[in-house]
Amino acid sequence: MKKLIFIFTLILSIITFAEEKIKVVSFNIAAGAKNFKADLNKTADAIKALDADIIGIQEVDRLTKRSGYVDQIKVLADLTGYNFVFGKTIDFDGGEYGIGILTKHPILKAEKIALPNEPNEEPRVALMAQVKVPTIQEPVNFINTHLGIVLNAKTDEELARDSSIRVRQAKVINDYAAKIKGLKFLVGDMNDGINSDSMTLLKYNWKCVFDEETPNTYTYSATEPFKGIDFIFVSPEKQWNINAFVPSTEEYRNETGIDWRIISDHLPVIATFEAK
């Protein structure tokens, strides 16, 4: 009898492994809406339309004056029914500003990682949540970030500093992720293109869902996309069939009933992974 139970458990495990599937998203929500006239109901409707297992969101306000003293990530969690973690990057405008992770599933643990930066520039962090996704055998380690930028960089020296910030931040993320066992995803607003030095460094350790930059991968700006700076990466130990896209087409807007152009100044990146 014990042998039969073992065999049944083994077969069930193999079937589960073969059917592994997960959908993840990266979405810079611009503190709820353009110009901070936040309509979190629209943002929540957009998040629900994405129907993702885990979403990394950037530019999140908590109790700031500009966003009406609203705890944005808690409101979004309440409106969507998702669980959440928040990672503060700065105290701002009477409240806090940072990044967050939303998920349909239980969060087992979370950790915030400080990233290096230039003096007098906005601090940056990465946020890791370990999530128990029922369609994945092992806990999922999900890292969200918003890499740095030197605002209004124009001179060669300023541009070099601007690039070096993200390279150093990418290295810290790579080093941190290397210590984590198991399946990992990295998402975020990287403030850089796919062929930049920082993204090239990340691609040594991760598989990017986009192989090259095309108009179909542009995420900024939402109204007239002209560059791709938002990305999803997966750790390379498993083989996946990946369907990744940016909802920039009218067909997708009609399908979801969401006009993504009015939700934020960025478009989300959406990726579904199915085990080969």
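Residues numbered from 1 in each chain as written. Predicted model: local features only at pLDDT ≥ 70, side-chain atom pairs only at ≥ 80, totals over all residues. Heavy atoms only, no water.

Let's shift gears to the packing of helix H2 (residues 40-50) against helix H3 (residues 72-80). At a minimum axis separation of 9 Å, H2 and H3 run at an interaxial angle of 55°. The orientation of H2 with respect to H3, classified from their angle, is oblique. The handedness of the crossing between H2 and H3 is right-handed. Contacts between H2 and H3 involve Leu40, Asn41, Thr43, Ala44, Ile47 and Lys48 from the first element and Gln72, Val75, Leu76, Leu79 and Thr80 from the second. Looking at the contact of H2 with H3 residue by residue, the class counts come to six nonpolar, four polar and one charged. (Axes fitted to C-alpha atoms, helices over the stretch in contact; angles between N-to-C directions. Helix = DSSP H or I, 4+ residues; strand = E, 2+ residues; numbered from the N terminus. Parallel < 35°, antiparallel > 145°, perpendicular 65-115°, else oblique. Left-handed = near helix turned anticlockwise from the far one by under 90°. Contact = heavy atoms within 4.5 Å. Nonpolar A, V, L, I, M, F, W, Y, C, P; charged D, E, K, R; others polar.)

Before going further, it helps to examine empty space enclosed by the protein. Applying the stated criterion across every chain yields a total of one cavity of 30 Å³ or more. In this structure, the largest cavity spans a volume of roughly 40 Å³. The leading source of residues in the lining of the largest cavity is strand E4 (residues 95-103), at three residues. Here the residues of the lining of the largest cavity sort into two nonpolar, three polar and three charged. (1 Å grid on protein atoms, 1.4 Å probe; cavity = no way out; pocket = protein on both sides within 12 Å on 5 of 7 lines; lining within 4 Å. Points joined across faces, edges and corners; volume = space filled by probe spheres on them.)

Time to look at the packing of aromatic side chains. One pass over the structure, following the stated rule, counts six aromatic pairs. Taken together, a centroid distance of 6.2 Å and an interplanar angle of 55° make the contact between phenylalanine 92 and tyrosine 97 tilted. The exposure class of tyrosine 97 is buried, given its relative accessible area of 9%. Taken together through their ring pairs, the aromatic side chains of Phe185, Trp240 and Phe273 make up a single cluster. (Phe/Tyr/Trp six-rings, centres within 6.5 Å; stacked < 30°, edge-to-face > 60°. Buried < 20%, exposed > 50% of the residue type's maximum accessible area, 1.4 Å probe, protein only.)

Further remarks concern the pattern of salt bridges. Think of it this way: side chains of opposite charge can pair up when their charged atoms draw near. For the coordinates displayed, the defined rule picks out 17 salt bridges. For the salt bridge of aspartate 51 with lysine 104, the shortest nitrogen-to-oxygen distance reads 2.5 Å. Highlighted residues: aspartate 51 in the loop between H2 and strand E2 (54-62) and lysine 104 in the loop between E4 and strand E5 (107-115), separated in sequence by 53 residues. With relative accessibility at 42%, the residue aspartate 51 sits in the partly exposed group. Taken together, the shared-partner salt bridges connect Glu118, Glu121, Arg161 and Arg168 into one network. (Salt bridge = Lys/Arg side-chain N within 4 Å of Asp/Glu carboxyl O.)

This part is about the sheet that holds E4. Taken together, six strands build an open sheet; the order of strands is E3-E4-E2-E1-E12-E11 and the sheet is mixed. On the outer flanks of this sheet lie strand E3 (83-92) and strand E11 (240-245), each paired with one strand and no other. Looking at each pair of strands side by side, their axes are set apart by 20° on average, direction ignored. Two elements, strand E1 (residues 21-28) and E2, share five bridges in a ladder whose sense is parallel. Looking at the pairing, valine 25 lines up with isoleucine 55 of E2. (Pairing = 2+ DSSP bridges.)

This next bit is on the nonpolar core. Within the largest apolar cluster, 72 residues are counted, with the highest numbers of intra-cluster contacts made by Ile22, Ile57, Phe185, Phe233 and Phe273. Tallying contributions element by element places strand E6 (residues 124-131) first for this core, with six residues. When near neighbours in sequence (up to four residues on either side) are disregarded, phenylalanine 185 contacts Ile22, Val24, Val140, Asn141, Phe142, Ile143, Trp206, Phe233, Val234 and Phe273. (Core = buried A, V, L, I, M, F, W, Y, C linked by side-chain atoms within 4.5 Å.)

Another aspect to go through is the confidence of the model for the protein chain. Summarising the model, the protein chain shows a mean pLDDT of 90, and 91% of its residues fall at 70 or more. A low-confidence stretch, residues 8-16 stays under pLDDT 50, and its non-local contacts, those more than four residues away or across chains, total two contacts. (pLDDT = per-residue confidence, 0-100.)

A few words on the pairing of strand E10 (residues 230-234). E10 sits mainly inside the fold: five of its five residues count as buried. A two-sided burial pattern is seen for E10, the buried positions comprising Asp230, Ile232 and Val234 on one face and Phe231 and Phe233 on the other. As judged from the five bridges shared by strand E8 (residues 184-189) and E10, these two strands associate in the antiparallel manner. Among the inter-strand pairings, glycine 188 is bridged to a residue of E10, identified as phenylalanine 231. Relative to E10, strand E9 (residues 207-208) runs antiparallel, the two sharing two bridges. Paired with lysine 207 across the bridge in E10 is valine 234.

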